Each structure stands twice: as C-alpha cells, then as structure tokens.
There are 2 protein chains.
Amino acid sequence: MKSYRNPIAGPTRMNARLLAALKAGAGQWIMARDLGRGAGLAGLRLRRDVQRLRDLGFVIDEEPARFRLAHAPDVLLAEEIRGGLDTRVIGREVIVCERVESTNDAAWELARWGAAEGTAVLAEEQTRGRGRMGRAWHSPRGGLWMSIILNPATAADRATVLTMAASVAVAKAIRELAGCHATIRWPNDILVGGLKVAGLMVETHTINSPRETSVLGIGVDVNCTQFPEEIRTVATSLALQTGRDVRRADLARLVFRLLDERYLQLCRGEIAPVGEEWMAMSSTLGQRITILQNGRTYTGEVVDIDPEAGLMVRLDRGFVRAFKNEHVTVVK
Amino acid sequence: MKSYRNPIAGPTRMNARLLAALKAGAGQWIMARDLGRGAGLAGLRLRRDVQRLRDLGFVIDEEPARFRLAHAPDVLLAEEIRGGLDTRVIGREVIVCERVESTNDAAWELARWGAAEGTAVLAEEQTRGRGRMGRAWHSPRGGLWMSIILNPATAADRATVLTMAASVAVAKAIRELAGCHATIRWPNDILVGGLKVAGLMVETHTINSPRETSVLGIGVDVNCTQFPEEIRTVATSLALQTGRDVRRADLARLVFRLLDERYLQLCRGEIAPVGEEWMAMSSTLGQRITILQNGRTYTGEVVDIDPEAGLMVRLDRGFVRAFKNEHVTVVK
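My aim in this report is to walk through the structure given alongside it, one point at a time. Quick caveat: nothing in here was measured; it's all calculated off a predicted structure. Just so you know, the residues in each chain are numbered from 1, in the order the chain's sequence is written. The order in which chains are written sets their letters, starting at A; the order in which ligands are written sets their numbers, starting at 1. Under the rules for a predicted model, residues below a pLDDT of 70 receive no local features and side-chain atom pairs below 80 are neither given nor counted, while totals for whole chains, interfaces and linings still include all residues.

### A look at the overall build of chain A
Secondary structure follows DSSP: runs of H or I at least 4 residues long count as helices, runs of E at least 2 residues long count as strands, and numbering of each begins at the N terminus. Of the regular secondary structure elements, chain A holds nine helices and 15 strands. With the radius of gyration taken over C-alpha atoms, the globule rule is written as 2.2 Å times the number of residues to the power 0.38. Radius of gyration (C-alpha) of chain A: 21 Å, near the 20 Å computed for a compact globule of 332 residues. In terms of principal-axis extent, the alpha carbons of chain A reach across some 75 × 45 × 40 Å. Residues counted as buried form 46% of the 332 residues belonging to chain A. Exposure is read from a count of other C-beta atoms within 10 Å of each residue's own; the residue is exposed at 12 or fewer, buried at 20 or more and partly exposed in between. C-beta atoms are placed from the backbone.

### A look at the pairing of strand β13 (residues 310–315) of chain B
Residues and elements named next belong to chain B. Here, any two strands with at least 2 DSSP bridges between them count as paired. Direction of pairing for strand β12 (residues 296–306) relative to β13: antiparallel, over a ladder of six bridges. Paired with Asp304 across the strands is Met312, a residue of β13. The hairpin formed by β12 and β13 contains three residues between the paired strands. Sheet topology places β13 next to strand β14 (residues 320–323); four bridges connect them, and they run antiparallel. Residue pairing for β14: Arg314 is matched across the bridge by Val320.

### Observations regarding unusual backbone geometry
A cis amide bond links Trp186 of chain A with the next residue in sequence, Pro187 of chain A, at an omega value of 0°. Topologically, Pro187 of chain A is positioned in the loop between β7 (182–185) and β8 (189–192). In this model, Asn294 of chain A sits at a positive phi of 50°, which is unusual for a non-glycine residue. Its 6 C-beta neighbours within 10 Å are what place Asn294 of chain A among the exposed residues. A positive phi angle is found at Ala65 of chain B, which is not glycine, with a value near 65°. For Ala65 of chain B, a count of 10 C-beta atoms within 10 Å translates into the label exposed.

### Side note on the packing of helix α6 (residues 158–178) of chain A against helix α8 (residues 248–267) of chain A
Residues and elements named next belong to chain A. Where α6 meets α8, the closest approach of the two axes is 8 Å, and the angle between their N-to-C directions is 140°. When the interaxial angle is binned, α6 and α8 end up oblique. For the pair α6 and α8, the sense of crossing is right-handed. Mapping the contact onto sequence places Val161, Ala165, Ala166, Val168, Ala169, Val170, Lys172, Ala173, Glu176 and Leu177 in α6 and Asp250, Leu251, Leu254, Val255, Leu258, Leu259, Arg262, Tyr263 and Leu266 in α8. Among the residues forming the contact of α6 with α8, the class breakdown is 15 nonpolar, no polar and four charged. Note on geometry: axes are C-alpha line fits, over the in-contact stretch for helices, and angles between N-to-C directions span 0 to 180 degrees. Just so you know how the angles are binned, under 35 degrees is roughly parallel, over 145 roughly antiparallel, 65 to 115 roughly perpendicular, and the rest oblique. Left-handed describes a crossing whose near helix is turned anticlockwise from the far helix by less than a right angle; the clockwise case is right-handed. Here, residues touch in the contact sense if the C-beta positions derived from the backbone fall within 7 Å of one another. Ten residues, namely Ala, Val, Leu, Ile, Met, Phe, Trp, Tyr, Cys and Pro, are considered nonpolar, four, namely Asp, Glu, Lys and Arg, are considered charged, and the remaining ones, Gly among them, are considered polar.

So this is what it looks like as structure tokens:
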C-alpha cells in the first residue's frame, strides 16, 4: 500500500503557513511578495514549497510574481488541520494515520500511554471501525473517521453531554461547509434528507488517572459514494447529498473549532446552552418514537430532551419516562 | 498515577505563543501590552493564560502592566516543543506520553498505523526501554526518551548515516545547552567526561510502504541522578555533570532542529558533511579499541570512520579492517 502522503522521494513536509496564506486568498491572485511574507518564505524557498504542495495534488496557478490556489485536493494532512487552529483543547495534537483497525482503539492506545487531552487520531481508512454498542461501522476511504481523547470535568452524565456537544458541532459544521440541512437524531446520529450521514460514540474508562478518560469517536460519510447493501437505504454521504466533494481537512478543522467552544462550556458547568442548541437541531423532538431497552419496547412521543436526564418520552401508556442514551436502540 | 500535565480541573491547554513570548524575553520584564500582542491575547484572557502556565509550574513575576518569566519547570509539553519549530521533517508531530514500555515500540505502532515521517514520541518514563541489540535501557523520570519515525531516501547504509546524524545533533545540542564537552563514541554513545550520557539506536523494517521505515531512538540522561549499581561507574547525566537541571523541552527542540538540517542533507545525498562533523566530535578516532564481532575479538587503532564503510581499524596483526556498527560490541 503506497501512501500518497509521501509521493516523491525525500522529505515532503508541506509549509502549513504557505497553504494557509493561499487558502486565505480564496481563489484570488496573491502577489508572490505578500505570499512569501505570510509564509515566512522568499524566492527559491517559496517556489520549492509551492512545488511541494503541487506534488501533494494542490493546483496552484501561476503568473509572473503572483500565485492563485485553484484547487485543494481532499488530502488529510496533520499540519494543515492543526496549523493555526486556535482551539484550546480539541485537536491540540493531530495524528493522521493511513489505515487503522479503529481510530477509537488507536486513541485508547495513545490515552493509555498518557497522551494529552484533546489529542485527535484521524485515519484514511478503518478496517474494523466500531459504532455504538459494538456495531460494525463501514469506514472506507473518503470518510472522516476520527477519535478524540477527552477528560472533561463535568458533573453531568459524560456520554450524554459529550455526545450532545459533538452532535451540535458536527451538524453545524455540515450545515456551514456543505450547506446541507443536517439534523440530530437522538441519541447519536446526524441526518441529512432523512438519511444517516454521521454517527458519534463516546467510550469511557478509567486508565491511569484519578479522573475517567473518554474517547469520542466521530464518523462522517463525506465523499463516500458506495454503501454496502444492508445500509444503502438508510445511509448517505455529503457528496451524494450535495453533488460535490467536501474537503475533509476543512470539515475536521471546523468540527474541532465548534466542539472546542462547547467542550469548554461543559467544563465550566454550562450545560444548558449546549442542550438548547441540540434541541434546536433535533429531528427527534415532538416525534413518535419506539425505543428498545433491555429487551422491552417503549412507544410514545418525545416531549423533551434533558442533557442530564436524557430523552423524555410520553409513553402511549400515559406517563413520561426518561431514557439515557446508553443501552438504548431506537427502533423507529 | 497522577499526570502533572492536568493538575487542575478542566482543560489546561497552555498558550504556546504566550510561553514563547515570555521565553523570548529571557528573564527580562515584558510589558503586558507587548506580551499580549505576541500571544494574540489581551486583558482577562492574557491573565487567565498566565495563570494556566503558573498552574503547570512556571514562575511568572508580575508588576503593574508587566510580566517576567522567572523559572520554567522541566515539563514536557508537546505544544511547547512543537510551537514555532521551523523544522521540515523532524518533530512535525509530537506526542508526549506519560509512561510507555518503550518509545521505539510506540513509534512503531504509530508507523504501522501510517503516521507521517518525522513524528516524534516522547515519554516521561519508559518501563521497558530498549538499547541497541536488545539491551535494556534504564529510563526513569528526568531523562529525555524519544523516538522518531524516519523514511530517508538515501543510498548509504541507513543505520550508519542516521546514527551519525543523530549523534552529531545530540552532542552539539548538549554542548550548546549544557555547556558540556560532549563527544561521540562509536558506534552510538555520547560521552561527557568519559562517561555515557546518551545513546542512540536505529531500527529498520518494511511495513506497508515500498520504502523501508526506520525508527530512531534517542535516550539522554538529562536530570537523572540515580543509576542502578551495574552502570553507576560508566553512566552520568547532564545534571550530575553541570550541577544544574537542563530543561528537556529545550533540549528536545534543539535536537530536532540540528537533526533536521542533517537529515535533509542525507536525503539530498550529502553524506560527507555529516561524516566530517561526526569525526570532529569523535572520541574514538585515533584510539586503541577492542571490538567483539561474531564471537571474535579484534584489537587495533582506529584510523578512519567512513559513513558508508564504517569504522576502519588498523589491527595489531597489521592490516586495516572495516567494521559496520551492527552486531558489533566495543569491549574497550
């Protein structure tokens, strides 16, 4: 398996500042002088780094003394994702892998080693991607598969509030970047056009720390176009919904930024704002729902979603029951 | 085991630019206005981030409208190490771990996942640190234990040239930061005052790439003061040699920078300059030496060290023989 990240002989570190400066130009011509100043490069070094970006698949137009970014390929580059990211926790370290069994497992391995909170592991491909409750998660190339080590100081139920914060971040990022009307389906799916486009998962364990550690897994079907038979009628991708490719690096950065703001809120004990955003984007509130829990089914109307208590359902049998998102399956 | 990297509740991401600005002040007072501009912070955010650094053990003096960095503790923080590092390959990603069996094994795990060339893994502590030829490497807290994923395009013997480049980088960094006269003992030790203060190791395997991957392991006894009985007469640390602590984060950054320059030379096919630097710092050249290889001993005088052929020894039996650094033990 050849990694496209090292397509030419010798070191290929790209210049993250150069790329940021080109991207800031938003398709407009930028004078080489200004570009060089922004990137801390000049003359031959600027020219060499432009070539390096081209080697990675970036299309950079050129006229005497000026450059223009015409196309940014859908490559995941840790330096681009992290470069200039002003988040405080999420994405403080970014590891891009070619192929892992599961980004969650990779993140757990790093967490056991003592890697810092906020460390994110991304992979081009997962060979044994997992979803919630041990379900398999189809993770071919073209998707955004990532896991983040978290260690929040929050009194509320962690899985619930982290899933809420991440759901809001992913749904907002999809709306902003892909222009799709993404909604949140309790407990952990993101839908576009009624089909599942992303899923979230929180795993929590105690490793060598007095505080529990969580790993948040995020999977977004970004540019995937083929789905296995068994999920073809329920799954979709941003590319299928919009008719164009969405850059995964840009989506990852935006998710990091949006999640970071909400994560800091949670750590300050401010849970209500995230809960309100979640409800505003929910496709579940007010819907009739059937839930499978411990082998029993419950049917009713969703009347409220509480960040701490969980989903409040007015059952057909008359009373309101709360469901937390663990060990629960939404049947319909 | 408590990690000091998260001593307070909630996220503790330090502001790498703030710390860089404080360090650039070199113990002088810096106006809050200038500090804030350098760090992209103002007012309460500046004050909050100063507090975060203090929580990590940094001593920051304060007078109305100005600050001064009085003491930087010996903590390994990925953001500080990586922040503003202008290397092209080495340290492009930095993972700081609390405790691993071996940083080399951790780097191999990351390499198998497809992590990028230049990724560095550092650990506060190794529980099963390895040296060359499978020997145990004592790796308590206070040392700089790190491994770097490399994938050099070089026609020369990889283990030899990488060990040479890394030896020069480590010895130069020690001379510059600790002010000790570090020398290189073939094949892979760094000495101060005739005692071993650092060791290097290169492992090479083919994983999922057409080109072989190498992991360079570097261990420096920086602030360790206690050694096990069996190495007490041959090992030392920078703290023991200088009578003061050396900051491992600063040493790591300097090693990355010095190694990066030499690594790029090797990848351009320029091996001779590294070989010359290596020889100028060698404590082996011109010495009488006894080498154990395949159960036989060879005694003679070291007459040359060639980056490709290895150590050239004029044996007492009269002729000159070349020794590569693999599978060789220096007896005396």
